[in-house]
Amino acid sequence: MAFSSEFNFSRALITGGAGFIGSHIADVLVRAGRQVRVIDNLASGSLDNLAHLGDRVDFIHGDIRDADLLLRAARGCEVIFHEAAVVSVTRTVAAPVETAAVNDMGTLQVLDTARKAGVRRVVLASSSAVYGDDPVMPKREEMRPKPMSPYAVQKLTNEHYARLYHELYGIETVCLRYFNVYGPRQDPSSPYSGVISIFMTRAFTGEPPVVYGDGEQCRDFVFVEDVARANLLAGVAPDISGGVFNVGTGTAMTVNDLWLSIARRAGIDAAPVYAPSRPGDIRESLSSIDRAEAELGFRPAYDFERGIDITMAWYRDRAERKST
Ligand code: UD1
C-alpha cells in the first residue's frame, strides 16, 4: 500500500518514552512541534529523563501489556514509536520466557492497539542483533537474519508481526534496526547496560573495566540523537510501509579501542580486566546505511568523536553531582 507524500502527524505516542532512546525521541518530536504522549512502566526508564520537557509531554504510567490503558494512550495518535522493551541481550539469555512476555507479547499488543485505535503508522525499534554472526560486512537489510539470542529472535518476530500487520490490516509499519546506541541518559547501573555507559562510569571512578572476550569484537556505535532523528524521518517518510532500515553510522570500533578512547579522554591509565565472552555475543557488527539514506534521507550528524565528547560531558556531570 502506498501512501501520500504529504503524510505527516501532529500527535504521537512513544512507548518506553521515559527510557534512554524514547526520551530522546520525545525531545526531537517536541522540538519539531508535535504533541507527545508517553507510556512507560518505569521498569528501566525514569521520569528524570523527561523532567526538562515539563508539560510538553503527556505522561501515562503503565505497562504496554495493559490493553485497556494502551488503547486509551493510543487514541488520537497518528503514529506510535515503539521503544518499550527489555534491551539487554544477556538478560534475554538468562530469562527467555519472561523477556518474551515484554518483547514479543508487548509488541503484538502495541500493533493490535494501533489497529483498534486507528493509528496510521507504527515505527518499531528493532535491532542489528537479528543479523547474528554472519561474517559478511557491512550488514545489509536484505541479508538473511541469523538470530543468536532470544533477544534477536524476539526482535525478528517483531519485524514479522509488523510486516503482517501492514499486509493484513493496512497499518503502515516501519522497523528500524538500531546498531549500538549510546549517549546521555543511558543507564549504566546494571551489568546488562550498554558498554559505553559502563565504560564512562568506570572512567570516572577510576576502576578498570571488564572486557568480555579478547576485546577485538567490534560494534557500530551510533549517537542517540541520530537515532531519534531517524525515528522522526521514519514517522513521515512516504512509501516506506512494511520496510526495514538499518540505523547505524557505517563505521565500527573494537571494544579495546573504545576503552582506550574513553580512558584517554578521562586522563586515566587503567588496563581492562579480561573475562570470558558472554553467551550470545556477536563478534562483528557494522551497518550499511544506504537504504536509510536513500529512503528516509537519514545521515548521521554526529561522528564518534563528537558523540563521545557530548556523552562524556554528561557522565562527568553526573559523577560530579553524585559526589557532592
Ligand atoms: C546492544 C544493545 C542491544 C542492541 C544491540 C544492537 C544494550 C544494553 N544492548 O547489544 O539492545 O539491540 O546492541 O547491536 O544497549 N562489553 C564488555 N564489557 C562490558 C559490557 C559489554 O566488554 O562491561 C562488550 C560485550 O561483551 C559486547 C560489547 O561490549 O561484545 C557490546 O555490548 P553491549 O553494550 O551490551 O551491547 P550488545 O550486546 O552489542
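Here's what I pulled together on the structure shown here. (Residues numbered from 1 in each chain as written. Predicted model: local features only at pLDDT ≥ 70, side-chain atom pairs only at ≥ 80, totals over all residues. Heavy atoms only, no water.)

Comments concerning the pairing of strand S5 (residues 121–127)
- The element S5 is extensively covered by neighbouring structure, given that seven of its seven residues are classed as buried.
- Of the two faces of S5, the one holding Arg-121, Val-123, Ala-125 and Ser-127 and the one holding Val-122, Leu-124 and Ser-126 are both buried throughout.
- In the sheet, strand S4 (residues 79–82) pairs with S5 via four bridges, with the strands oriented parallel. Looking at S5, one finds that Val-79 is bridged to Arg-121.
- As judged from the seven bridges shared by S5 and strand S6 (residues 172–178), these two strands associate in the parallel manner. Within S6, the residue paired with Val-122 across the bridge is Thr-173. (Buried < 20%, exposed > 50% of the residue type's maximum accessible area, 1.4 Å probe, protein only. Helix = DSSP H or I, 4+ residues; strand = E, 2+ residues; numbered from the N terminus. Pairing = 2+ DSSP bridges.)

Side note on the side chain of Gln-154
- Its location among the elements puts Gln-154 in helix H5 (residues 150–169).
- Look at Gln-154 and you get buried, because its relative accessible area is 3%.

Considering unusual backbone geometry
- Omega for the peptide link from Met-137 to Pro-138 comes to -10 degrees, which places this bond in the cis form.
- Here Pro-138 lies in the loop between S5 and H5.
- The backbone of Arg-185 shows a phi angle near 80 degrees, a positive value even though the residue is not glycine.
- Mapped onto the secondary structure, Arg-185 falls in the loop between strand S7 (180–182) and helix H6 (195–205).
- Look at Asp-239: it is not a glycine, yet its phi comes out positive at around 55 degrees.
- Overall, the relative accessible area of 49% leaves Asp-239 in the partly exposed class.

A short note on the layout of surface pockets
- By volume, the second largest pocket amounts to about 170 Å³.
- For the second largest pocket, the lining is made up of 14 residues, of which Phe-221, Thr-249, Thr-251, Asp-303 and Phe-304 are closest to its centre.
- Per-element tally for the lining of the second largest pocket: the top contributor is strand S10 (residues 221–223), with three residues.
- For the lining of the second largest pocket, the residue count by class is ten nonpolar, two polar and two charged. (1 Å grid on protein atoms, 1.4 Å probe; cavity = no way out; pocket = protein on both sides within 12 Å on 5 of 7 lines; lining within 4 Å. Points joined across faces, edges and corners; volume = space filled by probe spheres on them. Nonpolar A, V, L, I, M, F, W, Y, C, P; charged D, E, K, R; others polar.)

Description of the pattern of salt bridges
- One pass over the full model with this rule turns up 20 salt bridges.
- A salt bridge links Arg-91 to Glu-98; its shortest N-O distance comes to 3.5 Å.
- Arg-229 serves as the salt-bridge partner of Asp-226, at 2.8 Å between the closest nitrogen and oxygen. Here Asp-226 and its partner Arg-229 are both found in helix H7 (residues 224–236), three residues apart, which amounts to about one turn of the helix.
- We classify Arg-229 as partly exposed; its relative accessible area is 29%. (Salt bridge = Lys/Arg side-chain N within 4 Å of Asp/Glu carboxyl O.)

What to know about the environment of Val-244
- Tracing the backbone shows Val-244 in strand S11 (residues 243–247).
- Val-244 sits 121 residues away from Val-123 along the chain, and the two C-alpha atoms are 9.9 Å apart.
- Apart from residues lying up to four places away in sequence, Val-244 is in contact with Glu-141, Glu-159, Cys-175, Arg-177 and Arg-291. (Contact = heavy atoms within 4.5 Å.)

Structural notes on the site of the ligand
- Of all residues adjacent to the ligand, which total 23 residues, the nearest are Val-87, Ser-127, Ser-128, Val-210 and Asp-281.
- A distance of 2.6 Å separates an oxygen atom of the ligand from a polar backbone atom of Val-87.
- Within the complex, the protein chains bury 91% of what would otherwise be the 730 Å² of accessible surface of the ligand.
- Mapped by element, the contributors of at least two residues to the shell around the ligand are H6 and strand S8 (210–212).
- Looking at the shell around the ligand, its residues break down into 13 nonpolar, seven polar and three charged. (Near = heavy atom within 4 Å. Polar contact = N/O pair within 3.5 Å; in protein donor to acceptor, adjacent residues only side chain to side chain. Areas by Shrake-Rupley, 256 points an atom, 1.4 Å probe, with all protein chains shown as cover.)

So, the environment of Gly-17
- Locating Gly-17 in the fold gives a position in the loop between strand S1 (11–15) and helix H1 (20–31).
- With relative accessibility at 0%, the residue Gly-17 sits in the buried group.
- Between the alpha carbons of Gly-17 and Met-200 there is a distance of 23 Å; along the sequence they are 183 residues apart.
- Once residues within four sequence positions are removed from consideration, Gly-17 is found in contact with Gly-22, Ser-23, Val-38, Ile-39, Asp-40 and Leu-50.

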